[in-house]
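Spelled out from the first residue to the last, the chains are:
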Amino acid sequence: MDRGQFTLMGSTVCVMLCLHFSIQLVTQHYLSWKKPKEQKAIIIIVLMAPLYAVDSYIGLLDIRGSTTFFTFLDSIKECYEALVMAKFLSLMYTYLNISISKNIVPDTIKGREIHHTFPMTLFQPHTVRLDHKNLKLLKDWTLQFVVIRPVCSVLMITFQLLDIYPSWLSWTFTIILNVSVSLALYSLVIFYHVFAKELAPHKPLAKFLCVKGIVFFCFWQGLVLDMLVAVGVVKSNHFWLDVEHLEEALQNMLVIVEMVFFSLLMQYAYTAEPYRVGSVSEKKKE
């Protein structure tokens, strides 16, 4: 068995494990279907890990694909990431009984202070009071990524197909997307800090780490691999691939392995236990 076959076999096992853990959790929610609005959002979030794993596995199977092909695969993951962020915020709003569209904000949470940090203080006061307007602003900061990510993906793929994709344009898209996703994650962090006490029974930190962890690892390990290639640490001397495709293979392989751990973490963070009839949490409420 050569190195390529061993890598593919190991990746196949990891994808199957990720699918097993994720399907098991989704099934548990369907068997305990009690709060559709919450559980629909949870299922969309839970499916993030297997989608990333399968997407990366396809990239590993066709590792000699074109740049456009890999951009397309990355776009699938990142567009779904945008959807997950929106659903995560929606889930938190549901827990708190907040409805921006219906102008429902419980009186108990109005007037709380939101403390912004640099560089947001360049555009916002350092401290603002929580009200319907500021809650809507936090929501808009998250949802802007849901719009910007698909638009950028379509433009990137179109430019590559037309063979007009210079490096400066690639960097422009990278900067736009990084600013966009950073703003979305920032709004989620602010939301968590403001409502940490009310959200505590719902394991908000574990839920948030599942989402942010996947985004964090995929993004930063990609940058690290870029730097390792640039300084010549990652080479293709002993492989059947050129260095560009080798970098893609390493990224896909790392994502596949990481998704196994995130699918396990989601079993704890997004457990179906609170929705089961006669669960411990239900008895406590009674």
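Starting afresh in each chain, residues are numbered from 1 along the sequence in its written order. Two thresholds apply to this predicted model, a pLDDT of at least 70 for residue-level local features and 80 or more for giving and counting side-chain atom pairs, whereas whole-chain, interface and lining totals are computed over all residues. With hydrogens and water excluded, all non-hydrogen atoms of the structure serve as input to the side-chain values.

**Here we look at the pattern of salt bridges**
Thinking step 1. A carboxyl oxygen of Asp or Glu within 4 Å of a side-chain nitrogen of Lys or Arg is what we treat as a salt bridge. For the structure shown, the criterion picks out four salt bridges.
Thinking step 2. A salt bridge links Lys136 to Asp140; its shortest N-O distance comes to 3.2 Å. Of this pair, Lys136 and Asp140 both sit in helix H5 (residues 132-161), four residues apart, which is roughly one turn of the helix.
Thinking step 3. By relative accessible area, Lys136 is classed as partly exposed at 39%.
Thinking step 4. Burial classes follow relative accessibility: with a 1.4 Å probe on protein chains only, a residue under 20% of its type's maximum area counts as buried, one over 50% as exposed, and anything between as partly exposed. Under the relative-accessibility criterion, Asp140 is labelled partly exposed at 34%.
Thinking step 5. Notably, a salt bridge pairs Arg276 with Glu273, separated by 2.7 Å at the nearest N-O pair. Helix and strand labels come from DSSP, where a helix needs a run of H or I of at least four residues and a strand needs a run of E of at least two; each type is numbered from the N terminus.

**Quick look at the packing of aromatic side chains**
Thinking step 1. In this analysis, rings of Phe, Tyr and Trp, with Trp reduced to its six-membered ring, are considered paired at centre separations within 6.5 Å, and the interplanar angle assigns stacked below 30 degrees, edge-to-face beyond 60, and tilted for intermediate values. Counted by the stated rule, this structure contains seven aromatic pairs.
Thinking step 2. With 5.1 Å between their ring centres and 20° between their planes, Tyr30 and Trp33 make a pair best called stacked.
Thinking step 3. A relative accessible area of 52% places Tyr30 in the exposed class.
Thinking step 4. An aromatic cluster of three or more residues is present, and its members are Tyr93, Phe191 and Phe195.

**Looking at the confidence of the model for the protein**
Thinking step 1. Chain-level pLDDT for the protein is 82 on average; 86% of the residues reach the 70-or-more range.
Thinking step 2. Here pLDDT means the predictor's own confidence in every residue, given as a number from 0 to 100. Here helix H10 (residues 280-285) stands out as the element of the protein with the lowest mean pLDDT, 46, in contrast to helix H2 (residues 36-46), whose mean of 93 is the highest.

**Considerations on the layout of surface pockets**
Thinking step 1. Think of a 1 Å grid over the protein atoms and nothing else: a 1.4 Å probe that fits but is trapped marks a cavity, an open set flanked by protein within 12 Å on at least five of seven lines marks a pocket, and residues with an atom within 4 Å of a point count as lining. Grid points are joined across faces, edges and corners, and a volume is the space filled by probe spheres set on the points. By volume, the largest pocket is sized at about 1600 Å³.
Thinking step 2. Along its surface, the largest pocket is lined by 44 residues, and Asp74, Glu78, Thr174, Phe219 and Asp226 are the ones closest to its centre.
Thinking step 3. For the lining of the largest pocket, the secondary-structure elements that each account for two or more residues are helix H4 (67-96), H5, helix H6 (167-194), helix H8 (204-230) and helix H9 (243-269).

**Considering the packing of H6 against H8**
Thinking step 1. Where helices are involved, their axes are fitted lines through C-alpha atoms of the stretch in contact, as for all axes, and angles between N-to-C directions lie from 0 to 180°. At their nearest, the axes of H6 and H8 sit 11 Å apart, and the two run at 165° to each other. The angle between H6 and H8 places the two elements in the roughly antiparallel class. As for the relative orientation of H6 and H8, their crossing is left-handed in sense. Residue-level inspection shows Asn178, Val181, Leu185, Leu188, Val189 and Tyr192 of H6 in contact with H8, the latter providing Pro204, Leu205, Phe208, Val215 and Phe219. Working rule for angles: under 35 degrees goes down as roughly parallel, over 145 as roughly antiparallel, 65 to 115 as roughly perpendicular, anything else as oblique. Throughout, a crossing is termed right-handed when the near helix is turned clockwise from the far one, and left-handed when it is turned anticlockwise from it by less than a right angle. In what follows, residue pairs with any heavy atoms lying within 4.5 Å of each other are defined as contacts.

**What to know about the nonpolar core**
Thinking step 1. Residues belong to one nonpolar core when they are buried, are Ala, Val, Leu, Ile, Met, Phe, Trp, Tyr or Cys, and are joined through side-chain atoms within 4.5 Å. With 65 residues, the main nonpolar core has Phe191, Phe195, Met259 and Tyr270 as its most contacted residues.
Thinking step 2. Listing elements by their share of this core, those giving two or more residues are helix H1 (3-31), H2, helix H3 (48-61), H4, H5, H6, H8 and H9.
Thinking step 3. No other element matches H4, which puts eleven residues into this core.
Thinking step 4. With sequence-adjacent residues up to four places away left out, Met259 is seen in contact with Cys18, Ala49, Tyr52, Ala53 and Ile214.
Thinking step 5. Of all hydrophobic cores here, the second largest spans five residues; its members include Cys152, Leu169, Phe173 and Leu177.

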